[in-house]
Amino acid sequence: MYSKKTKGFLAFANIFLALDVICCIVPLVLLVISSFTDNTTLIRNGYQFIPEKFSLDAYAYLLKSGKLIMKAYGMSFVVTGLGVAVSLTVTTMLAYAISRPGIPGKKILTFFVFFTMLFNGGLVPTYMMYTGVFHIKNTIWALLIPNLLVRAYYVMLMRSYFQTSIPEEILEAASIDGASEFQTFYKVSIPMAKPIIATVALFSMILYWNDWQNGLYYLTTRTDLFTIQNLLNRMIQEIQFLSSNIAVGQTADVASLPSTAVRMAIAVIGILPIAITYPFIQNNFAKGITLGAVKG
Amino acid sequence: MKKKALAMLMAICTMAAGMSVNVSAETGDTDKLVVALRITGTTPADVSEVQDKMNEILRDKIGAEVELLIIPSGSYKQQMTLMLSGDEKLDVMGCNSGIYTTALASEALKPLDDLLAEYGQGIVDAEGEAQLEQGQVDGVQYGIPVMCDTAVGYGTFGMRTDILEKYNIDVSDVHSYDDMTEVFKIVHENEPDMTVIAPTTVGYSPMQYCVEWDKLGDYFGVLEDHGQTTTVTNLFESDAYRNYLDVMHNWYESGYFSKDVTTATEAGSSLMKGGNLFCYFNANKPGIKTQEENSCGLDLTFVQVLDTFTQTSNNWQWTIPENCEYPEKAMQFINELYTDPDIINLLCYGIDGEHYVENEDGTITYPEGVDATTVGYNMAPNVWAVGNEFLAKVWDTNDPDVWEQTQEWNKSGIVSKAYGFFYDNINVTTEMAAVQSVYDEYRMSLECGVLDPETALPEMNEKMYAAGLQNIIDEKQAQLDKWLESKGE
Amino acid sequence: MEKTKKKSKVRRYLPFYLMALPGLVYLFINNYMPMGGLILAFKNYSARKGIWGSNWAGLKNFKFLFATQDAWTITRNTLCYNIAFIILGTILSVTIAILLSEVKAKAAKFYQSFILLPHLISWVIISYLVFAFLSAESGFINNTILAALGKEGINWYSEAKYWPVIIVLVYLWQSTGYTSIVYYASVVGFDKGYYEAAELEGAGPWQKIRYITLPLLRPVIITMVMLSVGRIFYSDFGLFYQIPMNSGTIYSTTNVIDTYVYRGLLQQGNIGMSAAAGLYQSVVGFIIVLIANGIVRKIDKDSAFI
C-alpha cells in the first residue's frame, strides 16, 4: 500500500517522535527513581537511574510528617479549585461580552483588555497596592487573586472562539424566542463553547497548581496557608523547614531526615494530580489550543 | 449535575471565607505590635504559645500585645524590604547593618530620640550613652544596638569532636589557616565521603567570619590592619583578602568544600545535624559552644586562628519603622527587652517547665526527655540579638558566669579606630548599586574558593573600578575624616 | 421617541456590560492601578513621604541602570534568549507537528500525551530535576556520564559559558510539547483533497510537506511567532530564577530583565531602580511590538494583531 519512500519516511517519523518522547520522560524517571533511592546512596553515588540501594524512607518520612504536607496538598486543591471556578466564570463572561457585535464601546473595551498584555506596573507597585489597599497579605486571597484570576491572553482566546465558532444567527434566534441575554449566554453560548472552556480551564488549573510566586511574596507568617509549590520552594532554602514544623514527639530524629530524597518525593507528589487529571481532558485540550491560537 | 457543581463551588467559597475570617478575628482590642526578628536555624514550632505568655505580661505592663514575626535568616532581608516598601504594619524590626542602611536610604525608619527620652530610660540605663551612639546617624538616633558581644573572634572553626577523637587529632596547637589545612587533610583522607568544611549561612560566603579589616559598613572601602589606620583603601586589593582567597581556593581544590558550595541550600549547622559535615565557620565569643551545639545537636570543638576584633557598625539593632502604628508602645516594648528578664527569657528559651527547666545553680537545661531536636521552642542561637542578653538565663553547658566573661571579652582584642563611625551612602547610591552588582557576581564563587583568585580577582577589581569604586572610597574617606575631626583627633 | 430608543438600547446592552464588569474591574485593579507606581522610576522613594510625596529624582534611577554593563547584559540576554526560543522552538515544534500528522492517529495520540507532560510541571520542580543532572557533587552528568568517559566533572553552576545551551534546552524541553500540539491540530485540519491530488501526481512525503503543509501552516506560524515577539522583552521568571539556582557567577548569561528587577528590589532594596528597570522593559517592549506588528502588516495583513 505505502510506497517505499513513504515507508522510509514513516520509520523516520516514528523514530524521531519516539526519541522526543524519551527526552521528555527520562528526566521525570530520574526524579521518580531518586525519590525511591536510599538517601546515603544518593549523597555518595549521586543521582542514578539504577541506584545501588532502593528505599521507601522518603515516603515513609512524608507519611510520618504528614500533617504539614497533607495540609499543603489540601491548600493546593482548594486554591486550584476555587481559582479555576472563579477565573473561568469571570473570563468567560468578559470574553463573551466583548465578542458580541454592536455593543457601544466594544473596541475600547477590547483594547482595555489587550493593553494589559503589553504593559504592566511591575512587582513593587503591585505588591504595595495589594498589601496596602486590599490587605490580602497572609490571607488565602493572596494565593487566589494577584496576577492569576483573569489573563488577557485567555480572554482574547475565548473572544475569538465566540466570534468565529458561534453563528450570530443562533443567538439572534434565541433572543427572538424571548430568552434574556443571560439565558442565551448560559443556555446557548456556553454549551457551544465547551472545547475552549475546557482548554482555558486546564490552562488556569496548571497556572494555579504550579504558582509559587504569590506565596513567596504574600505569605510571610501564615505558613499554614502554604500550597505544595510554596512548600517546595521554601524547602530549597531550608530543608529543615519540614522537620521544624513537625509536632514535637511525633518524629524527632532529624539526623535521619533523608533530605534529598524527601525533596524528590514531594516533587513527585506535586506532579501527581496534574498527571492524573491530564489524560481525561487531553482531547479537549488539544482541540481547544488550536481553536484559540489559530484565530487568536 | 449543575446543582451539584454549584453546591460544591459554594462549599469551597465558604471554606475560603472561613479561613480569611480567622485572620481578622484574631485581633483583639489591645494594641498589637508586629515584631520582626530573624532566626538562624529552624523556626520553632511553639511560637504562638510563647507569644501568649509574653502577652500576659505585656498587657499589664505596657498595655499592648506582640505578634512575633519570626523569619529565617535566608529570606529575612527580602521580607523586610517588601514590608518596608509597602505601607504594611510593622512596629518593631530587628536589623543588621545591611538592612539598616537600605532602610535609612528610603527613609523607612523613625527617628527615635524623643521616644527614647520618654519611654526608653531602661535602655539608656542598661546600655549607656556611649554604646547607644552606635545607633546614631549624624547625631540622630535611628537604631537601638543590642547588648551582646561586640568584639568578634574571627577565623573560628567549629569541628565535630567525635571525628577529632576518632583520628586522634590534637587541635590545641592550631593557630593559623595552615594548621587548619593539616587537620582537614587528615579528616578528608579518612572520611572521603564527608564534606570537610561548609559556610555557615545560606547565601553568604565564609568571608564574614574571616575579617582582618574594618569593613566600614559594606566592604567597599575598608580600613586595613584591623582598623589601625585611618586611610580608606580597596579591600579587594589588600594582602589579607588575597591571602584569605588563596586559602579558600586551596581548600576547594583539595576537595574540602562541597563542589556545590555556591548553590548550597542548607546552613552549616543543618548540614552538621544531617551528619555529613565536619566543620563550619564561626565567630568566637564566650558561650559559642552552647549556641552552636544547640542548633546542630552535636558536640563541637572550637579553635580560633585570627585576632579578636571590634569593628564599627557591625551591630544588630532594634528599629521602629515608619509603618509603625504605635511608636510609643513599640519603644516601651523595646525597653522591656533591655530590662525585663521574664520577657527576655520567654523570647530566648520559651516557657519554664515546658521548653526548659532550671538547675540548682540557676543555669537551665532541657526538660526530662526533651533535646535539641525535639524541643518546641529554643532560640538559644539568637539570644545575643534579643536586646539585653546579660539578663537572660544561662544554658547549663555554659559557665554560670558567661555574661561576666562576655563583658570582659568585649574589652579584649583590637578595637578599630573608626569604632562608632557610621557611613551614609546616600551621595553615591548610583555607584553603590553598580559596584554591588559586580560584587554579587563574584562574591560566592570567589570567596568560597571556586574561582582562581589569580585570574578572577583582577577581573573583579577592574569591573569595580569601572563601576565607580574609587568614588565610594573617596566619599567614605571624606566622611571618616569629618567624623574623626568632630571627635577631636 | 428618541428617548425610548435610547432607553431600549441601554436595556439591550446592559446585560453585556454587567457580564464584562467583574473581569474589567479585576484587570483595572490588577493591571492598571499598579501602573501608577511606575512614577517611582522618577522618584527618590521615601517610606516616610509615601509614593506621591517622595522627592523627584529626575533620571537618576535610569542612570543607575545604565551606569554599568548591567543594562546591556540583561537586555542582550533577554533578547537573545527569546530570539533563540522563537527560532529553535518554532522549527522543532513545527517538525514534531508535521511528523505527528504523518504517523497513525493512534500512535500520534500516544506520542502527544507524553510530549505535553513537561509543560504541566512547575519551574520549582524542574529546577530540582535540572539540579539532579547538573549538581557538581552528585549530578547524573558529572557522576555517570562524564565519569564513564573518564572526564573531569564540570562545575555547571559556576561556568557561565554553558548556560545559554542549558537554558535553551530546558526551555525547549518544557514548551515544545505545547506549541507542537498547536501546530499539529491545524495540520490535521487541512483539507485532505490537496494531499490526495498531490499523491495522484506522484508526490512523495517530503514534497507534500514542502509544497502543501508548510505554505498552509504559514499564517499559524506567523500568529504564533507574533505572540512571542510581543513578549520578547519579557521572560519567564521561573525559568531564569529557579533553574540557575541564583548562582552569581553565571549572572552574565542567566540574568534577564525580570530577574534583575527582582534582585534589585529584594536583595538590594532598591525600589527606584527596580521601577526604572520595569518601566524600561514596558516601554521598549511596547515599541518592539508596534514595530513587529508594522512589519507583519506589510507582509501579511490578516495576521497583524492590532
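Residues numbered from 1 in each chain as written. Chains lettered and ligands numbered in written order. Predicted model: local features only at pLDDT ≥ 70, side-chain atom pairs only at ≥ 80, totals over all residues. Heavy atoms only, no water.

Participant: How should I be thinking about the overall build of chain B in this particular structure?
Facilitator: For chain B, the count of helices and strands is 19 helices and 15 strands. Relative to the compact-globule value of 23 Å for 489 residues, chain B shows a C-alpha radius of gyration of 24 Å, a close match. Burial statistics for chain B: of 489 residues in total, 61% are counted as buried. In chain B, of all internal contacts separated by at least 6 residues, the share reaching a separation of at least 24 is 77%. Summing over all exposed atoms, chain B offers an accessible surface of approximately 18,800 Å²; the carbon and sulfur share of this is 48%. Chain B carries 29 positive and 81 negative side-chain charges, and their two centres are separated by 8 Å. (Helix = DSSP H or I, 4+ residues; strand = E, 2+ residues; numbered from the N terminus. Rg over C-alpha atoms; globule rule 2.2 N^0.38 Å. Buried < 20%, exposed > 50% of the residue type's maximum accessible area, 1.4 Å probe, protein only. Contact = heavy atoms within 4.5 Å. Areas by Shrake-Rupley, 256 points an atom, 1.4 Å probe, with all protein chains shown as cover. Lys, Arg positive; Asp, Glu negative; His and termini not counted. Charge placed at Lys NZ, Arg CZ, Asp CG, Glu CD.)

Participant: Would you mind going over the overall build of chain C with me for this structure?
Facilitator: Counting its regular elements, chain C contains 14 helices and 2 strands. In terms of overall dimensions, chain C is more spread out than a globule: its C-alpha atoms have a radius of gyration of 25 Å, far above the 19 Å expected for 306 residues. Expressed as lengths along the three principal axes of its C-alpha atoms, the size of chain C is roughly 90 × 75 × 35 Å. Carbon together with sulfur atoms contributes 65% to the accessible area of chain C, which is approximately 13,500 Å² in total. In chain C, 27 side chains carry a positive charge and 14 a negative one; their mean positions are 16 Å apart.

Participant: Please explain the interface of chain B and chain C as it appears in this structure.
Facilitator: At the interface, 34 residues of chain B touch 34 residues of chain C. If you sort the residues of chain B by the area they bury against chain C, Glu107, Thr263 and Thr430 of chain B come out on top, with a joint share of 20%. Viewed at the interface, chain C and chain B are joined by 1 salt bridge. The partner of Glu107 of chain B in a salt bridge is Lys49 of chain C, with the nearest N and O atoms 3.7 Å apart. At the boundary of chain B with chain C, the tally comes to 10 residue pairs in polar contact (both at pLDDT 80 or more). For the side of chain B that touches chain C, the secondary-structure elements that each account for two or more residues are helix H3 (73–85), helix H4 (97–105) and helix H17 (429–447) of chain B. With 9 residues, the single largest contributor to the side of chain B that touches chain C is H17 of chain B. (Buried area = accessible area lost by both parts, 1.4 Å probe. Salt bridge = Lys/Arg side-chain N within 4 Å of Asp/Glu carboxyl O. Polar contact = N/O pair within 3.5 Å; in protein donor to acceptor, adjacent residues only side chain to side chain.)

Participant: Could you clarify how one ought to interpret the interface of chain C and chain A in this entry?
Facilitator: Reports often express the size of an interface as the amount of accessible area lost when the parts come together. On the chain A side, the residues contacting the 93 residues of chain C number 92 residues. Area buried by chain C at its contact with chain A is led by Met19, Leu120 and Tyr128 of chain C, which between them contribute 9% of it. For the pair chain C and chain A, the interface holds 0 salt bridges. There are 15 residue pairs in polar contact (both at pLDDT 80 or more) connecting chain C and chain A. In terms of residue count, the dominant contributor to the side of chain C that touches chain A is helix H1 (residues 2–32) of chain C (19 residues).

Participant: Is there a simple way to think about the pattern of salt bridges in this case?
Facilitator: Any two side chains of opposite charge can pair, so long as their charged atoms come close to each other. Following the criterion strictly, the structure yields 25 salt bridges over all chains and no others. Between Lys463 of chain B and Glu441 of chain B there is a salt bridge, with its nearest N and O atoms 3.6 Å apart. Here the residue Lys463 of chain B occupies a position in helix H18 (residues 453–466), and Glu441 of chain B occupies one in helix H17, the gap between them amounting to 22 residues. Taking relative accessible area as the criterion, Glu441 of chain B reaches 17% and is therefore assigned buried. A salt bridge links Glu199 of chain C to Lys208 of chain C; its shortest N-O distance comes to 2.7 Å. By relative accessible area, which is 46% here, Glu199 of chain C ends up partly exposed.

Participant: Is there a simple way to explain the packing of aromatic side chains in this structure?
Facilitator: Within a pair of aromatic rings, the relevant descriptors are the distance that separates the centres and the angle that separates the planes. Considering all chains together, one arrives at 65 aromatic pairs over all chains under this definition. Among the aromatic side chains, those forming a connected cluster through ring pairs are Tyr127, Tyr130, Phe134, Trp212, Tyr217 and Tyr218 of chain A together with Phe237, Tyr241 and Tyr262 of chain C. Here Lys215 of chain B stacks its cationic end above the ring of Tyr219 of chain B, 5.7 Å away from the centre of that ring. In this structure, Lys476 of chain B is placed above the aromatic ring of Tyr423 of chain B, and the distance from its NZ or CZ to the ring centre is 4.8 Å. (Phe/Tyr/Trp six-rings, centres within 6.5 Å; stacked < 30°, edge-to-face > 60°. Lys NZ or Arg CZ within 6 Å of the ring centre and 35° of its normal.)

Participant: Please explain the environment of Gly387 of chain B as it appears in this structure.
Facilitator: Here Gly387 of chain B lies in the loop between strand E14 (364–365) and helix H16 (402–411). Once the C-alpha coordinates of Gly387 of chain B and Glu336 of chain B are considered, the two residues, 51 residues apart in sequence, prove to be 8.8 Å apart.

Participant: Please explain a negative patch on the surface as it appears in this structure.
Facilitator: Residues and elements named next belong to chain B. Judged by side-chain charge, Glu49, Asp52, Glu56, Asp60 and Glu354 come together as a negatively charged surface patch. With respect to the helices, strands and loops of the structure, Glu56 is situated in helix H2 (residues 47–62). Residue Glu56 is classed as partly exposed on the basis of its relative accessible area of 44%. (Patch = residues over 30% accessible without salt bridge, like charges linked within 9 Å, V, L, I, M, F, W, Y side chains within 5 Å.)

Participant: Would you mind going over the environment of Glu88 of chain B with me for this structure?
Facilitator: Take Glu88 of chain B: it is sitting in the loop between H3 and strand E3 (92–95). Among the residues examined, Glu88 of chain B registers a relative accessible area of 9% and is labelled buried. Each C-alpha atom, one on Glu88 of chain B and one on Asn323 of chain B, is 6.2 Å from the other, the two residues being 235 residues apart in sequence. If we ignore the near neighbours within four places in the chain, the residues touching Glu88 of chain B are Tyr127, Thr131 and Lys137 of chain A together with Leu82, Met83 and Asn323 of chain B. A distance of 2.7 Å separates a polar atom in the side chain of Glu88 of chain B from a polar atom in the side chain of Lys137 of chain A.

Participant: Where do I start with the sheet that holds strand E6 (residues 144–145) of chain B in this structure?
Facilitator: One key point about sheets: their strands pair by backbone hydrogen bonds, in either a parallel or an antiparallel sense. All names here are of chain B. Strands sit in the order E2-E1-E3-E12-E6 across an open sheet of 5 strands; the sheet is mixed. At either end of the open sheet lies a strand with only one pairing partner, and these are strand E2 (64–72) and E6. Where strand E1 (residues 31–39) and E3 come together, 2 bridges link them in parallel fashion. If you follow Val35 over to E3, its bridge partner there is Val92. (Pairing = 2+ DSSP bridges.)

Participant: Help me understand the packing of helix H10 (residues 205–230) of chain C against helix H14 (residues 271–299) of chain C, please; the structure alone is not making it clear to me.
Facilitator: Residues and elements named next belong to chain C. The geometry of H10 relative to H14 is characterised by a closest axis approach of 9 Å and an angle of 160 degrees between their N-to-C directions. By the angle class used here, H10 and H14 are roughly antiparallel. The interaxial crossing formed by H10 with H14 has right-handed handedness. Between H10 and H14, the contacting residues are Ile222, Met226, Val229 and Gly230 on the first element and Ile288, Val289, Ala292, Asn293 and Val296 on the second. Residues belonging to the contact of H10 with H14 are distributed by class as follows: 7 nonpolar, 2 polar and no charged. (Axes fitted to C-alpha atoms, helices over the stretch in contact; angles between N-to-C directions. Parallel < 35°, antiparallel > 145°, perpendicular 65-115°, else oblique. Left-handed = near helix turned anticlockwise from the far one by under 90°. Nonpolar A, V, L, I, M, F, W, Y, C, P; charged D, E, K, R; others polar.)

Participant: How should helix H9 (residues 192–200) of chain C be read in this particular structure?
Facilitator: Because an α-helix packs 3.6 residues into every turn, residues spaced three or four apart end up facing the same way. Between a side-chain oxygen at the N-terminus of H9 of chain C and the backbone nitrogen of Gly193 of chain C the separation is 2.9 Å; the capping residue is Asp191 of chain C. Looking at the residues trailing H9 of chain C, positive phi occurs at Gly202 of chain C, about 90 degrees.

Participant: Would you explain the pairing of strand E9 (residues 277–284) of chain B in this entry?
Facilitator: Looking along a regular strand, one sees side chains alternate from face to face of the sheet. Residues and elements named next belong to chain B. Taken across its 8 residues, E9 has 8 buried, putting it largely inside the fold. Where strand E8 (residues 195–198) meets E9, 3 bridges bridge the pair, whose relative direction is parallel. Each bridged residue has a counterpart across the sheet, and for Ile197 the counterpart in E9 is Cys279.

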